[in-house]
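Structural characterization, general
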There are 2 protein chains.
Amino acid sequence: MRIQPKDKRMLLKAALGQIPCDLLIKNANLVNVITGEIYPANVFIYDGIIAHVEYKDLQSDLDKAKEVIDADNKYLIPGFIDAHEHIESSMMTPRNFAKAVIPHGTTTVITDPHEIANVWGMEGVRYMHDSGNGLPMRQLIDIPSCVPAVPGLENAGADFLADQIEELCGLERVIGLAEVMDFLAVINGEDRMMDILKTAEDRGLYIQGHAPFVSGRMLSAYICGGPNTCHETRMGDEGLEKLRSGMFVDARDSSIAKNVAAIWEGVKDIKFFDHLCFCTDDREADDILHAGHVNDVVRNAISCGMDPVAAIKSATYNSAREVKIENLGAVAPGFAADMLLVDDIRNPEPSHVIFGGKLVAQDGKLLVDIEDQEFEIERRNSMHVKSLSSEDFLLKADIEEGSVRVNLMKYNDLLLSSTVVSTEELPVKNGCVQLNDDDLKYVAVVNRHEGHDTIGLGVVRGFGTTTGALASTVSHDSHNLTIVYDNPENALIAANELIACGGGMCAVKDGKVLHTLELPCAGLISLKPAEQLAVDSAQMKDANRALGLVNIENPLLRIVTLALPVIPEAKMSDLGLVDVLNKKIIPLFAK
Amino acid sequence: MRIQPKDKRMLLKAALGQIPCDLLIKNANLVNVITGEIYPANVFIYDGIIAHVEYKDLQSDLDKAKEVIDADNKYLIPGFIDAHEHIESSMMTPRNFAKAVIPHGTTTVITDPHEIANVWGMEGVRYMHDSGNGLPMRQLIDIPSCVPAVPGLENAGADFLADQIEELCGLERVIGLAEVMDFLAVINGEDRMMDILKTAEDRGLYIQGHAPFVSGRMLSAYICGGPNTCHETRMGDEGLEKLRSGMFVDARDSSIAKNVAAIWEGVKDIKFFDHLCFCTDDREADDILHAGHVNDVVRNAISCGMDPVAAIKSATYNSAREVKIENLGAVAPGFAADMLLVDDIRNPEPSHVIFGGKLVAQDGKLLVDIEDQEFEIERRNSMHVKSLSSEDFLLKADIEEGSVRVNLMKYNDLLLSSTVVSTEELPVKNGCVQLNDDDLKYVAVVNRHEGHDTIGLGVVRGFGTTTGALASTVSHDSHNLTIVYDNPENALIAANELIACGGGMCAVKDGKVLHTLELPCAGLISLKPAEQLAVDSAQMKDANRALGLVNIENPLLRIVTLALPVIPEAKMSDLGLVDVLNKKIIPLFAK
């Protein structure tokens, strides 16, 4: 795929110097990611495309542009490309997201609207696409491949088959098939997945992978199936194996998963880094505001010991190759004019952000107006939940008094999302299972999608809260209303609070709402800009801590993977307790 | 574009070890061109695709393949890719060409059937495509973009517009638009060229460039027009400028133009060589037999100082990226199983050539049978020339006796194909222009294509022959019958000889044919295999030397660019003397 100018003939004239360019960046120290060199250059831009780069005669044609930026010997580098992320994870709308990341130098994101697809289906994907129109950055779309994540183990708001993928290919900024998480379906050649992959291949989309801990012959089979990228790499040897296997490794520093340092340690001794890219996957508003975005990942890689030019290449040119956009990710004639000026090549915080040949941010401030647009879907209630009572949250046994053996999900660690199935003897009073220590909590997953009214109930050990009810409609990947609670009354208050506001997160203690983070758009996204959302989010974190989630870096993220049935071994869904590895529902009560 | 297995599900099973692979290459020293590493590995192949590469446990699964090659610690590298060439220039049919290059390790060529397109049009392109079907190598086709080379200055056998390009896109192995030689048409945004480029872009073809000595803003404009590769780079600084400008530089060592050493000298200090590739462009049968093919170019680059692994990467992975084939050019799961075993990484002459997972050549010998196929076009007479007489070769003046001032083409040097327009006073006898020294010769370009009967006559200085007539139907790019001669009688003998045999090359001295190299297919291609053709060709060279072409490495190539109206400044065509830079016909007689 090539980014085309509006009128190629006019671009040719501009390149030849026959008509004035729109912009000249003079006195730059050009970082050429194709050759790895740094040299003084003047860059001429017309119609969003780099028309000419002059490095031989730096005094010529300085008058042949309508506007001039004097780079004052700063480094001129390509705009950063985020190789994989979910805008929804920032909890911002695509337009508010743009306002937050552009000043940090991210000019392109490859975004997977997977979260909203699980709520609003194709309409959700179209919203993420359309609301990114006309922005001073490229929000390129990968079509979600696994909606729901694991068919049959949960009910999501949509079900994507090859037909849906085919239809979404018609969107203008679609470039790939998003993270193919169901790697077992690929490896086993399951019909549904083979059809989806074939559709993507026939349309020329690149196929984004997702292969955590997949290795050896399993990894080879996964790659033979089509996906050839992975952002789910955590260990150095895993990174090395994937690079050796020809995958693109999108080394990730998200708000929660920091993988770049470990990956670098494993791959630093190889000679070519053509297939090493960077991504943020999931970054929250406050993290973007304070730490940065792709620039922060690049800085981390450099501080680990990576050569700065190679690191910049990974975050620009390599990612563009990965997603098959030919003229993106370098400062050269014919390339899209997305560029940054930075003072320090080891800490690439841009003083100037140029997108499509226009100066769009300077010294951390957005210079262009991103018009607020109204989208009906942003305020449409996605909480399709029947009227609830505290009765719905009672865990009923088939005896009145005594004890039962309960199959529950048990967290291995407060900092990990992995779990095991554990069986415990729990007391029963008045026909209901009771919790006999503070480390145990009830858990409910209430389907919130139209056409479903299932509620999965169970017990969790080691979640981390000591009291109250914590509820969230951000609950990967089906995003059902998930509640961890000490008693049904608190659960009901939290549930009703979120049903009333259209979704979000809520903490309740002793019958009182401590805080509600409202996410009215699909129950996933706030309508607030980053600065306000960060405040709201900080209050929500405090409320979570008040429930006991104290020794965890980001307490918001504890609940959001509780119902994700691709993380071994035990997860909850609206259908009950899920045995992840065996892809089946486990009965609540053991024999 | 991806090379697909016949049945992906079976490939997945093979990758997983659930069914036996077709071939295992064990005990290899794998040269991983993606990471730049070399390490011991076993490689499992199924259905033409690499199913799995094992490097952790080299003792496992050794029984899981139907056939085994013990690499005995040799280097295992990807099969070589020739980034640009014309099979016609070998003067061999596609099938005979395959027999010659496969033992040298070339498993893929990107071939531009430009020569035959100028003779037989679309049918010629289809022949080159179809006769490459089923070969144990990949002959991938770029569609000729400039037929004729410069419209209006010559009559070729065809005229390709966007419609023809569009139609040829339907051929299975088409991957690109071939060398866009008319760089001025690109830079100036001429309609015909813009339409051709748009057709190629819309069909997702890569666009191969051709930009000799193009630099600065002209080069920028050319790249903005679409082409982003160049094999016409001769100087180091030219190579550096093109790499910096984001082009792929296909460094060439053809039979006549040896550019690799000079390019390397200019680019050796850069850090990344992602865009440096190799090509042979035009290599003759005897050169292929004795020096080699792409392997010879790689060896040259290494002997110039290039790192062997980087050089192998340039000749494999980089070229595959250039032409946008995703799973070609590396030894990794999911990649096409085209590989070589070599003893010496600095001199990559393969002991084993594996194509599509099959051992096809060993120790310089082809192991598989390339069946001879009959194509009617191979023997169809392409010499559409009216009955000639010696009268046709008389250069008539408009006076009977005296002298005239003649505009002639004058070679600058015996070793260069560049020329200037020169004006000389020549005697006239019996109404005809006479030559008054041995360095002057007559030249005739006789159109040989259906529907044309034009003959361009003129005078050439410095061509190099001292006596006789030298004739050729290999005469870029229109391939009209071109004759350099001392007197009309010799010219007529040479012309009639080639008309009778369907084209080729012929040397005549004192009324006697010294040798005729018969090229019955399109007047360009012999039907002989390399070994026989090399003998025939050597005899033709001796005959050329007998005419005076002694101080020139390859005397066959002297005449073939005499009529090529893209090489400055003066060339002959069937329409007369061409002023290349001003794109016009110059009158024979000066005022």
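Residues numbered from 1 in each chain as written. Chains lettered and ligands numbered in written order. Predicted model: local features only at pLDDT ≥ 70, side-chain atom pairs only at ≥ 80, totals over all residues. Heavy atoms only, no water.

1. Things to note about the overall build of chain A
Secondary structure assignment for chain A yields 15 helices and 29 strands. Relative to its length of 591 residues, chain A is compact, with a C-alpha radius of gyration of 25 Å against a globular reference of 25 Å. Along the first, second and third principal axes, the C-alpha set of chain A runs to 90 × 50 × 45 Å. The buried share of chain A, reckoned over its 591 residues, is 67%. With an accessible surface of roughly 19500 Å², chain A has 48% of that area assigned to carbon and sulfur atoms. Each charge class in chain A can be summarised by its mean position, and for the 54 positive and 87 negative side chains these summaries are 3 Å apart. (Helix = DSSP H or I, 4+ residues; strand = E, 2+ residues; numbered from the N terminus. Rg over C-alpha atoms; globule rule 2.2 N^0.38 Å. Buried < 20%, exposed > 50% of the residue type's maximum accessible area, 1.4 Å probe, protein only. Areas by Shrake-Rupley, 256 points an atom, 1.4 Å probe, with all protein chains shown as cover. Lys, Arg positive; Asp, Glu negative; His and termini not counted. Charge placed at Lys NZ, Arg CZ, Asp CG, Glu CD.)

2. Quick word on the pairing of strand β14 (residues 339-342) of chain B
All names here are of chain B. Both faces of β14 are covered, namely the face carrying Met339 and Leu341 and the face carrying Leu340 and Val342. As paired strands, β14 and strand β15 (residues 350-355) are joined by 4 bridges and run antiparallel to one another. Residue Val342 lies in a different strand from β15, and its bridge partner there is Pro350. (Pairing = 2+ DSSP bridges.)

3. Observations regarding the packing of helix α6 (residues 191-202) of chain A against helix α1 (residues 8-16) of chain B
Where α6(A) meets α1(B), the closest approach of the two axes is 12 Å, and the angle between their N-to-C directions is 115 degrees. Here α1(B) runs roughly perpendicular to α6(A), going by the angle between their axes. Taken as a pair, α6(A) and α1(B) cross one another with a handedness that is right-handed. Contacts from A:Asp191, A:Met194, A:Leu197 and A:Glu201 of α6(A) reach α1(B) at B:Lys8, B:Arg9 and B:Leu12. Within the contact of α6(A) with α1(B), the residues separate by chemical class into 3 nonpolar, no polar and 4 charged. (Axes fitted to C-alpha atoms, helices over the stretch in contact; angles between N-to-C directions. Parallel < 35°, antiparallel > 145°, perpendicular 65-115°, else oblique. Left-handed = near helix turned anticlockwise from the far one by under 90°. Contact = heavy atoms within 4.5 Å. Nonpolar A, V, L, I, M, F, W, Y, C, P; charged D, E, K, R; others polar.)

4. Observations regarding the packing of helix α8 (residues 236-244) of chain B against helix α9 (residues 260-267) of chain B
Residues and elements named next belong to chain B. One can describe the packing of α8 onto α9 by two numbers: an axis separation of 7 Å at closest approach and a directional angle of 60 degrees. Considering their axes alone, α8 and α9 lie oblique with respect to each other. The interaxial crossing formed by α8 with α9 has right-handed handedness. Taken together, the residues of α9 that come into contact with α8 (itself represented by Gly236, Gly239, Leu240 and Leu243) are Ala262, Ile263, Gly266 and Val267. When its residues are assigned to classes, the contact of α8 with α9 shows 5 nonpolar, 3 polar and no charged.

5. Side note on empty space enclosed by the protein
Under the definition given, this model contains 11 cavities of 30 Å³ or more. The space that makes up the largest cavity amounts to roughly 60 Å³. Taken together, 13 residues form the lining of the largest cavity, with A:Cys224, B:Arg2, B:Ile3, B:Gln4 and B:Pro5 sitting closest to its centre. For the lining of the largest cavity, the secondary structure elements donating two or more residues are α7 (216-225) of chain A together with α1 of chain B. Split into classes, the residues belonging to the lining of the largest cavity amount to 5 nonpolar, 5 polar and 3 charged. (1 Å grid on protein atoms, 1.4 Å probe; cavity = no way out; pocket = protein on both sides within 12 Å on 5 of 7 lines; lining within 4 Å. Points joined across faces, edges and corners; volume = space filled by probe spheres on them.)

6. Side note on the relation of the copies chain B and chain A
You can overlay chain B on chain A at an RMSD of 0.1 Å; the transform is a turn of 180 degrees with a shift of 0.0 Å along its axis. Put plainly, the chains are arranged around a two-fold axis. Both copies contact each other with a shared surface, as 100% of the interface residues of chain B are interface residues in chain A too. (Least-squares fit on C-alpha atoms with pLDDT ≥ 70 in both.)

7. Structural notes on the interface of chain B and chain A
Between chain B and chain A, the residue contacts involve 64 residues of the former and 64 residues of the latter. Around 5500 Å² of area is buried between chain B and chain A when both sides are counted, 52% of it from carbon and sulfur atoms. Of all residues in chain B, B:Arg217, B:Arg244 and B:Phe272 give up the largest surface area on contact with chain A, accounting jointly for 16% of the area buried on that side. The interface formed by chain B and chain A holds 16 salt bridges in total. Linking A:Lys324 and B:Glu326 is a salt bridge whose minimum nitrogen-to-oxygen distance equals 2.7 Å. At the boundary of chain B and chain A, one finds 38 residue pairs in polar contact (both at pLDDT 80 or more). Counting residues per element, the ones that place at least two in the side of chain B that touches chain A are α1, β2 (37-46), β3 (49-54), α5 (183-187), α6 (191-202), α7 (216-225), α8 and α12 (308-322) of chain B. Here the residues of the side of chain B that touches chain A sort into 30 nonpolar, 16 polar and 18 charged. (Buried area = accessible area lost by both parts, 1.4 Å probe. Salt bridge = Lys/Arg side-chain N within 4 Å of Asp/Glu carboxyl O. Polar contact = N/O pair within 3.5 Å; in protein donor to acceptor, adjacent residues only side chain to side chain.)

8. Some words on unusual backbone geometry
A cis amide bond, omega -5 degrees, links A:Val147 with the succeeding residue A:Pro148. One can find A:Pro148 in the loop between β8 (138-143) and α4 (162-168). Unlike most non-glycine residues, A:Asp281 shows phi in positive territory, near 60 degrees. Tracing the backbone shows A:Asp281 in the loop between β13 (276-279) and α10 (285-290). The class of A:Asp281 is buried, set by a relative accessible area of 3%. Here B:Lys324, not a glycine, exhibits a phi torsion of approximately 65 degrees, which is positive. Take B:Lys324: it is sitting in the loop between α12 and β14.

9. Here's the deal with the environment of B:Glu424
Residue and element names in this part refer to chain B. One can find Glu424 in strand β19 (residues 419-429). Taking the C-alpha atoms as reference points, Glu424 and Leu23, 401 residues apart in sequence, are found 70 Å from one another. Beyond its immediate chain neighbours, meaning those up to four positions away, Glu424 contacts Val404, Arg405, Val406, Leu408, Leu440 and Arg461. Of the polar contacts made by the side chain of Glu424, one reaches the side chain of Arg461; its length is 2.5 Å.

10. Brief notes about the sheet that holds strand β28 (residues 576-579) of chain B
All names here are of chain B. The antiparallel open sheet is built from 3 strands, whose spatial order is β27-β28-β29. Because the sheet does not close on itself, it has two edges, and the strands there are β27 (570-573) and β29 (584-586). Neighbour-to-neighbour, the strand axes of this sheet turn through a mean angle of 45 degrees, independent of strand direction. Inspection of the sheet shows β27 paired to β28 by 4 bridges, in the antiparallel sense. Directly across from Lys571, in β28, lies its bridge partner Val578.

11. Quick look at α9(B)
Residues and elements named next belong to chain B. Taken as a whole, α9 has its buried residues at Val260, Ile263, Trp264 and Val267. Axial view of α9: buried residues confined to an arc of 100 degrees, hence all on one face. Of the surrounding elements, those touching the buried residues of α9 are α8, β12 (248-252), β13 (276-279) and α11 (294-303). (Arc of directions from axis to C-beta.)

12. Quick look at the pattern of salt bridges
Applying the stated rule across the entire model yields 75 salt bridges over all chains. One salt bridge in this structure joins A:Asp191 and B:Arg9, with 2.7 Å as the shortest N-O distance. Pair noted here: A:Asp191 is in helix α6 and B:Arg9 is in helix α1, and the two residues belong to different chains. Among the residues examined, B:Arg9 registers a relative accessible area of 34% and is labelled partly exposed.

13. Re the packing of aromatic side chains
Throughout the structure, instances matching the rule amount to 12 aromatic pairs over all chains. When the centroid spacing of 5.6 Å and the interplanar angle of 80 degrees are considered together, the rings of A:Phe393 and A:Tyr485 count as edge-to-face. Of this pair, A:Phe393 sits in the loop between α13 (376-379) and β18 (402-411) while A:Tyr485 sits in strand β24 (residues 481-485); the two residues are 92 residues apart in sequence, bridging distant segments of the chain. An identical accessibility class is assigned to A:Phe393 and A:Tyr485; each is buried. Ring pairs connect the aromatic residues A:Phe393, A:Tyr442 and A:Tyr485, which therefore count as one cluster. Note that B:Arg558 overlies the ring of B:Tyr411, its terminal NZ or CZ placed 4.0 Å from the centroid. (Phe/Tyr/Trp six-rings, centres within 6.5 Å; stacked < 30°, edge-to-face > 60°. Lys NZ or Arg CZ within 6 Å of the ring centre and 35° of its normal.)

14. Quick look at the pairing of strand β28 (residues 576-579) of chain A
Residues and elements named next belong to chain A. Hairpin connection between strand β27 (residues 570-573) and β28: a loop of 2 residues separates the two successive antiparallel strands. Pairing between β28 and strand β29 (residues 584-586): 3 bridges, direction antiparallel. Bridged to Asp579 within β29 is Lys584.

15. Looking at the confidence of the model for chain A
Here chain A averages 96 in pLDDT, and 100% of its residues register 70 or above. The complex prediction reports pTM at 0.95, with the ipTM value standing at 0.94. (pLDDT = per-residue confidence, 0-100.)

16. A look at the sheet that holds strand β11 (residues 229-230) of chain B
All names here are of chain B. The strand order across the open sheet built from 3 strands is β11-β12-β13, with neighbouring strands paired in parallel fashion. Here the strands that pair on one side only, and so sit at the sheet edges, are β11 and β13. In terms of strand pairing, β11 meets β12 through 2 bridges, oriented parallel. By the bridge assignment, Thr229 is partnered in β12 with Phe248. Packing of α12 onto the sheet brings it into contact with β11, β12 and β13, and relative to β13 it is tilted by some 95 degrees.

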